[in-house]
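The primary structure of each chain is shown beneath.
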Amino acid sequence: MLDVRMPGVDGLEAARRLAATDLPTRIIVLTTFDEDEDEYVAAALRAGVSGFLLKVAPPEDLVAAVHTVAAGQGLLDPAVTLRVIEHFAAAPAPDPERTGALAQLTERETDVLALVATGLTNAEIAARLYLGEATVKTHVSRLLLELGLRDRVQAVAFAYESGLVTPGR
């Protein structure tokens, strides 16, 4: 069991170090958990933590958590579960393969792709970027070709999956 806030090395760094070893370790993080700690939960899960509990959990819940995690299962405190779901639903992790493919595009093509993903028409993109509409069409055609996409719908999905744009922005 690790605390998010520990002297010297915090619980997240300790979890990362433990997960990087060959030891068959299962980690449970304990925290007070407030609004400022949403990112701690995500970071802890990425670091390989198997359980996340609040410090106010009764002792019997702590014992049950140890047994659950030791059996190879994951565990999230019910008070944390909804916020974890909301966090990951709002900001899915970019697909590294798609993120890497963005490097094929010019800066202007990347700008155009981001605006296509927001639902703008070629005319609206042209006005926003101070370009001619024909130039925007050319950029859209080239980025579709370079990324191996069929149409604007696939371009929108690609932009979100690559992390170029995120929901709500």
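Residues numbered from 1 in each chain as written. Predicted model: local features only at pLDDT ≥ 70, side-chain atom pairs only at ≥ 80, totals over all residues. Heavy atoms only, no water.

(A) Layout of the nonpolar core. Grouped together as the largest cluster of nonpolar side chains are 23 residues, with contacts concentrated most on V112, L113, I125, L143, L147 and F158. Breaking this core down by element, the ones donating at least two residues are α6 (107–117), α7 (122–129), α8 (133–147) and α9 (152–161). With six residues, the top contributor of residues to this core is α6. Contacts of L147, omitting those with residues within four sequence positions, involve A101, L105, L113 and F158. Counting residues in hydrophobic clusters, the runner-up holds 15 residues, among them V4, I27, A43 and A44. (Core = buried A, V, L, I, M, F, W, Y, C linked by side-chain atoms within 4.5 Å. Buried < 20%, exposed > 50% of the residue type's maximum accessible area, 1.4 Å probe, protein only. Helix = DSSP H or I, 4+ residues; strand = E, 2+ residues; numbered from the N terminus. Contact = heavy atoms within 4.5 Å.)

(B) Quick peek at the environment of L76. Its location among the elements puts L76 in strand β4 (residues 75–76). On the basis of relative accessibility, which here comes to 28%, the residue L76 falls in the partly exposed class. Sequence spacing of L76 and L54 is 22 residues, and the spatial spacing of their C-alpha atoms is 9.2 Å.

(C) Looking closely at the sheet that holds strand β1 (residues 2–3). Strand order in the open sheet formed by four strands is β1-β2-β3-β4, and the pairing between neighbours is parallel. Each of the sheet's edge strands pairs with one partner strand only, and the pair in question is β1 and β4. Note: β1 against strand β2 (residues 28–31), two bridges, orientation parallel. Of the residues in β2, the one forming a bridge with L2 is V29. (Pairing = 2+ DSSP bridges.)

(D) Structural context of the packing of α6 against α9. α9 packs onto α6 with a crossing angle of 100 degrees between their chain directions and a minimal axis gap of 8 Å. In terms of orientation, α6 and α9 fall into the roughly perpendicular class. When α6 is examined against α9, the residues L113, V116 and A117 are found in contact with a partner set consisting of R152, A155, V156, F158, A159 and Y160. (Axes fitted to C-alpha atoms, helices over the stretch in contact; angles between N-to-C directions. Parallel < 35°, antiparallel > 145°, perpendicular 65-115°, else oblique.)

(E) Here's a closer look at the side chain of S50. The topology assignment puts S50 in the loop between α2 (38–46) and β3 (51–54). Once residues within four sequence positions are removed from consideration, S50 is found in contact with R26, I27, V69, Q73, G74 and L75.

(F) Up close: the environment of T135. One can find T135 in helix α8. For T135, a relative accessible area of 34% corresponds to the partly exposed category.

(G) Representation of α6 within the structure. The buried fraction of α6 amounts to eight of the 11 residues, a majority that puts the element mostly inside the structure. Along α6, the residues that are buried comprise E109, T110, V112, L113, A114, L115, V116 and A117. Looking at the buried positions of α6, the neighbouring elements they touch are α7, α8 and α9. Among the residues trailing α6, G119 stands out with phi positive, at a value near 95 degrees.

Function cannot be inferred from these measures alone, as they are strictly geometric.
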